[in-house]
Amino acid sequence: PNGEAFADFFEFRERLVAQEDRLRRGLAEKLLVYALGRPIAPADDSALTEITERTRANGDSLRALVHALVESPVFREP
C-alpha cells in the first residue's frame, strides 16, 4: 500500500516486518470482521487496539491473536 517495490519473497518479508504494527492491526481487523460477522464500526476501535496490544504482549503469534479476540468484550457481548 505504501508503494515500496520488492523483487522477491525475502524483500517482501522485510517490508512486512518493517510495518509490523500495521500488519498486526490489519490481521486483527480482518479476523475480527470474520469473528463478528459484520464490518468494523468506529466503536470497535478501542477493542481492536486492546486486541493488538495483547497479541504483541503475548508473543505475536496467531494463537495469541485468537485468544485476545475471543476474550475481548466486543466478541463476548452481543
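Please refer to the structure higher up on the page.
Values in this document were obtained by computation on a predicted structure and should not be read as measured data. (Residues numbered from 1 in each chain as written. Predicted model: local features only at pLDDT ≥ 70, side-chain atom pairs only at ≥ 80, totals over all residues. Heavy atoms only, no water.)

Peer 1: I'm lost on the overall build of the protein in this one. Help?
Peer 2: Helix and strand counts for the protein stand at 5 helices and 0 strands. Order of helices (α) and strands (β) in the protein, N terminus to C terminus: α-α-α-α-α. Dimensions of the protein along its principal axes, counting C-alpha atoms only, are 45 × 25 × 15 Å. Considering only residue pairs separated by 6 or more positions, the protein has 41% of its internal contacts joining residues 24 or more positions apart. For the protein, the accessible area works out to roughly 5700 Å², and carbon and sulfur atoms hold 58% of it. Taking the average place of the 11 positive charges on the side chains of the protein and the average place of its 14 negative ones, the gap between the two points comes to 3 Å. (Helix = DSSP H or I, 4+ residues; strand = E, 2+ residues; numbered from the N terminus. Contact = heavy atoms within 4.5 Å. Areas by Shrake-Rupley, 256 points an atom, 1.4 Å probe, with all protein chains shown as cover. Lys, Arg positive; Asp, Glu negative; His and termini not counted. Charge placed at Lys NZ, Arg CZ, Asp CG, Glu CD.)

Peer 1: Hey, could you run me through the environment of Ala68 in this one?
Peer 2: Tracing the sequence through the fold places Ala68 in helix H4 (residues 62-70). Sequence-wise, Ala68 and Thr55 are 13 residues apart; in three dimensions their C-alpha atoms are separated by 6.3 Å.

Peer 1: What am I meant to see in helix H3 (residues 45-57) here?
Peer 2: Every α-helical turn comprises 3.6 residues, leaving residues that sit three or four positions apart pointing alike. Over its 13 residues, H3 runs 18 Å from end to end, which matches the ideal 18 Å to within 8%, given 1.5 Å per residue. Of all the positions in H3, only Ala47, Leu48, Ile51, Thr52 and Thr55 are classed as buried. Taken around the axis of H3, the buried residues stretch over an arc of 135°, which confines them to a single face. Among the exposed residues of H3, those pointing more than 90 degrees away from its buried face are Ser46 and Ala57. Each element contacted by the buried residues of H3 is listed here: helix H2 (20-36), H4 and helix H5 (73-76). Just downstream of H3, Gly59 is the residue with a positive phi angle, here 105°. (Expected span 1.5 Å × (residues − 1). Buried < 20%, exposed > 50% of the residue type's maximum accessible area, 1.4 Å probe, protein only. Arc of directions from axis to C-beta.)

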